[in-house]
2 protein chains.
Amino acid sequence: MTEQSGEFDIIRRFFAPLTRDFSGAYSLLDDAACLDVPPDQQLMITTDCLVAGVHFFDTDPADSIAAKLLSANLSDLASMGATAQVYTLAVAWPQPVDVEWIRVFAEGLELSQQQYGVHLIGGDTVASPSPLTLTVTAMGTVAKGKGLLRSTANGGDLVYVSGTIGDAALGLDILNAGREGVSGLDATDAESLIARYRTPTARCRLGQHLVGIASACIDISDGLLSDLGHLVKASGVQVDIHLTDVPLSEAARRMITDSPLSAHRILNGGDDYELLFTVPPEQETTLIELSKKLGIQLTSIGILSVSQSDKEDVRVFDGNGTLLSLENTGYRHF
Amino acid sequence: MTEQSGEFDIIRRFFAPLTRDFSGAYSLLDDAACLDVPPDQQLMITTDCLVAGVHFFDTDPADSIAAKLLSANLSDLASMGATAQVYTLAVAWPQPVDVEWIRVFAEGLELSQQQYGVHLIGGDTVASPSPLTLTVTAMGTVAKGKGLLRSTANGGDLVYVSGTIGDAALGLDILNAGREGVSGLDATDAESLIARYRTPTARCRLGQHLVGIASACIDISDGLLSDLGHLVKASGVQVDIHLTDVPLSEAARRMITDSPLSAHRILNGGDDYELLFTVPPEQETTLIELSKKLGIQLTSIGILSVSQSDKEDVRVFDGNGTLLSLENTGYRHF
């Protein structure tokens, strides 16, 4: 169903209800929204822009696009240790506006709002020739001076990742190839990998709990090697990774082969939205308890060493201890 | 010159320098930016999205696009009485990326930052099939509970506008018709009207000074009648406007004719980025002083009355006292 509708009508029907629990949004009827930040807290602010055909498929369900949009943004707040609070949304819609699509999209936002405890507080909707372009600015709070940075890891710290790596990249591969294009693929495995691509989960609770425990943190959006590279470069440290230590899901294990190409997809595919963080060794038992408490797998994948100029910042070894030559490309937007 | 360049390189060369005076931006090298809000202040947050071919011409100078982008956003903060502090920028670039264009665009941002005293703190750059889509989320601070709203005007209050109305709409008309398409148009007039369209000025200082003086405020972006309509509807009041009271620039006076079409363009054209605000009558002398102090023309254009259900919220009369039938359309995005 495609139905034309006015901008103000669409805002009133579909977006204003998403502000209902946040009075500072003025029901989207004023020029700006108002946010109080407690005196002992700081605000963390992040912006992500997703474009149809680039970051998601035009044909993806509207509610899953909404879920991915919020998760991608809130993952950045999680990596800073911040508690997500509010977000603004700017949408450039291709014409004509499809009201049913918007309804489902807003339903997806509503579900993610409940999942993460955040509120829409403002935004903009504009007509655009094409394609659908979605920009979210998310804001969260963290105790003053306690935010987790990339640049504060130390030699001797352990490197951890949450969850499993590479599922989203494999899900994207399945979507690109078509399910029938991947030989021997189990239907349940395919759905679980595609779900990791379409509707990733931001590790918000984990990020909050890592405040005071982790020495540095980043979220894995561009790819494990790329984001690990950012962290070690910013911190002036180096790390060796063994491929066999990287946590994979059962579905990923069944899909991949023992080839450099598979390793490349797992390590550089991106869109994981897991947290990559470092802790001093004495925090290991705390992490084991935290993992149990939150029900989130936390896996140590290496130990940081102080930088030596003649060594690569990040080296990857296979199960035989052979140094792999994996291009540390990561996702680049252009 | 069109030159390909990587995303991280472009951020480092052109955007990171725009954060230099704001340490919480972490030089755009972390996942989010950090902002402190003083305990006696609240944060005001607004988002605007501008699309090439919709909100500006593809051929507009890159630095003027940057100026308009920031002014359009900061105007929303001005209308809340907030002091603009920081902004995030998300850019969806058409490919290939034109590095020289970006350089000039960043120069325009730099100039506007100096003009308004704001800092870039974060953002996102993504490739997009087309067209250029720019989203800014701007944040400012205001004393707690002192923000100016649309909904708090009272019957008996005077309605004021800053500056002159309609210049930007006429500037757009000139660009659309081509300078030679407007008969008898003076070159200096044309340039001044086009400048109002391309590089509007947000009334930031005025907005800050209206805190404690104005009873309600909105910025004129959709058009005087449309935005006045928003304010009176939100406040439950009504107003009669006399066309002869609406302040026009000399250039606008020379260009327009004494026709309903001209009145329509002036009142509904939008993109003025002037402030429309209301004050109790006893504040009139304060406003005269404020106008002198800031060097900004402030013009009273009507008196609010309590709503009567059988009357239009906003009525416009011409110089003969005849009620005009101007469609109160304003700018609608779709």
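Everything numeric here is computed off the predicted structure, so don't read it as measured data.

1. Some thoughts on the overall build of chain A
On a plain count of helices and strands, chain A comes out with ten helices and eleven strands. With the principal axes as the frame, chain A shows a C-alpha extent of 60 × 55 × 35 Å. Within chain A, buried positions represent 53% of all 334 residues. Intrachain contacts of chain A at a sequence separation of at least 6 include 88% that bridge at least 24 residues.

2. Focus on helix α4 (residues 167-177) of chain A
Regarding α4 of chain A, the residues found buried are D167, A168, A169, L170, G171 and L172 of chain A. Tucked into the core, α4 of chain A has its buried residues touching α5 (187-198), α8 (250-255) and α9 (260-268) of chain A.

3. Examining the sheet that holds strand β6 (residues 158-162) of chain A
All names here are of chain A. Spatially, β7-β9-β6-β10-β8-β11 is the arrangement adopted by the six strands of the open sheet, whose pairing is mixed. If you trace the sheet from one side to the other, it starts and ends with β7 (216-220) and β11 (314-317), each paired once. Direction aside, the axes of adjacent strands within the sheet are offset by 25° on average. Across five bridges, the pairing between β7 and strand β9 (residues 274-279) is antiparallel. When the bridges of β9 are listed, A216 appears paired with T278. Relative to β7, helix α2 (residues 62-79) is tilted by about 165°, and along the sheet it contacts β7 and β9. Contacts from helix α7 (residues 224-235) reach β7, β8 (237-242), β9, β10 (298-306) and β11, with the element oriented near 155° to β7.

4. Brief notes about the interface of chain A and chain B
Counting from both sides, the interface comprises 57 residues of chain A and, opposite them, 56 residues of chain B. Counting residues per element, the ones that place at least two in the side of chain A that touches chain B are β1 (33-35), β2 (41-51), α2, β3 (83-94), β4 (119-128), β5 (133-143) and β7 of chain A. Partitioning the side of chain A that touches chain B into residue classes produces 30 nonpolar, 17 polar and ten charged.

5. A word on the sheet that holds strand β4 (residues 119-128) of chain B
Taken together, five strands build an open sheet; the order of strands is β1(A)-β2(B)-β5(B)-β3(B)-β4(B) and the sheet is mixed. Of all the strands in the sheet, the pair left with one neighbour each is β1 of chain A together with β4 of chain B. Averaged over neighbouring strand pairs, the angle between their axes works out to 20° when direction is ignored. Pairing geometry for β1 of chain A and strand β2 (residues 41-51) of chain B, over three bridges, is antiparallel. Counted as the bridge partner of C34 of chain A is M44 of chain B from β2 of chain B.

6. Brief notes about the relation of the copies chain A and chain B
Note on the copies: chain A fits chain B at an RMSD of 0.0 Å, the axial shift is 0.0 Å, and the rotation between them is 180°. Put plainly, the chains are arranged around a two-fold axis. By C-alpha distance to the rotation axis, the residue of chain A lying nearest is P39 of chain A, at 2.5 Å. Of the interface residues in chain A, 98% have counterparts in chain B that sit at the interface too, so the contact is made through matching surfaces.

7. A word on the confidence of the model for chain A
Taken as a whole, chain A shows an average pLDDT of 92; of its residues, 96% reach a score of 70 or greater. Overall fold confidence for the complex sits at a pTM of 0.93, while the interface term, ipTM, reaches 0.92.

8. Brief notes about the packing of helix α1 (residues 7-15) of chain B against helix α3 (residues 99-116) of chain B
Residue and element names in this part refer to chain B. Viewed as axis vectors pointing N to C, α1 and α3 meet at an angle of 35°, and their least axial separation amounts to 10 Å. You can see that α1 and α3 cross each other, and the crossing is right-handed. Residues I10, F14 and F15 of α1 form the contact with α3, whose participating residues are I102, R103 and A106. Across the contact of α1 with α3, the residue classes break down as five nonpolar, no polar and one charged.

9. Some thoughts on unusual backbone geometry
Cis geometry is adopted by the peptide bond preceding P96 of chain A, which originates at Q95 of chain A and carries an omega value of -10°. Its place among the elements puts P96 of chain A in the loop between β3 and α3 (99-116). At L28 of chain B, a position not held by glycine, the phi torsion is positive, near 65°. On the secondary structure map, L28 of chain B appears in the loop between α1 and β1 (33-35). Of the residues examined, L28 of chain B has 18 C-beta atoms within 10 Å and is grouped as partly exposed. A positive phi angle, close to 65°, is found at D271 of chain B, a residue other than glycine.

10. Here's the deal with the domain arrangement of chain A
A common measure of how large an interface is: the accessible area buried when the components associate. All names here are of chain A. The domain architecture assigned to chain A consists of domain 1 (7-143) and domain 2 (158-317). For domain 1 versus domain 2, the distance between C-alpha centres works out to 26 Å. Across the boundary between the two partners, domain 1 contributes 18 residues, which contact 19 residues of domain 2. Where the side of domain 1 that touches domain 2 is concerned, the elements lending two or more residues are α2, β3 and β5. Of all the elements, α2 adds the most residues to the side of domain 1 that touches domain 2, at ten residues.

11. Thoughts on the pairing of strand β8 (residues 237-242) of chain B
Residues and elements named next belong to chain B. By the alternation rule, side chains of β8 split into V237, V239 and I241, which are all buried, and Q238, D240 and H242, of which none is buried. Bridging between β8 and strand β10 (residues 298-306) involves three bridges; their strand directions are antiparallel. Directly across from Q238, in β10, lies its bridge partner S305. As paired strands, β8 and strand β11 (residues 314-317) are joined by four bridges and run parallel to one another. Across the sheet, the residue bridging to H242 is F317, located in β11.

12. Observations concerning the packing of helix α4 (residues 167-177) of chain B against helix α5 (residues 187-198) of chain B
Residue and element names in this part refer to chain B. Look at α4 against α5: their axes get within 7 Å of each other, and the N-to-C directions meet at 110°. Relative to α5, α4 is oriented roughly perpendicular. Residues D167, A168, L170, G171, L172, I174 and L175 of α4 touch α5, and the partners they reach there are A190, L193, I194, R196 and Y197.

13. Considerations on the nonpolar core
Formed by 211 residues in total, the largest nonpolar core has its most connected members in M44 of chain A together with M44 of chain B. Among residues more than four places away in sequence, those in contact with M44 of chain B are A32 and C34 of chain A together with L77, M80, A82, M139, G140, V142 and G147 of chain B.

14. Here's the deal with the environment of A106 of chain B
All names here are of chain B. Its location among the elements puts A106 in helix α3. Overall, A106 belongs to the buried group, with 21 C-beta atoms counted inside 10 Å. Separated by 89 residues in sequence, A106 and P17 place their C-alpha atoms 9.3 Å apart. Excluding residues that lie within four positions of it along the chain, A106 makes contacts with F14, F15 and L18.

Parameters and conventions
Residues numbered from 1 in each chain as written. Chains lettered and ligands numbered in written order. Predicted model: local features only at pLDDT ≥ 70, side-chain atom pairs only at ≥ 80, totals over all residues. Helix = DSSP H or I, 4+ residues; strand = E, 2+ residues; numbered from the N terminus. Buried ≥ 20, exposed ≤ 12 C-beta atoms within 10 Å, placed from the backbone. Contact = placed C-beta atoms within 7 Å. Pairing = 2+ DSSP bridges. Axes fitted to C-alpha atoms, helices over the stretch in contact; angles between N-to-C directions. Nonpolar A, V, L, I, M, F, W, Y, C, P; charged D, E, K, R; others polar. Least-squares fit on C-alpha atoms with pLDDT ≥ 70 in both. pLDDT = per-residue confidence, 0-100. Left-handed = near helix turned anticlockwise from the far one by under 90°. Domains from an automatic or database assignment. Parallel < 35°, antiparallel > 145°, perpendicular 65-115°, else oblique. Core = buried A, V, L, I, M, F, W, Y, C linked by C-beta atoms within 7 Å.

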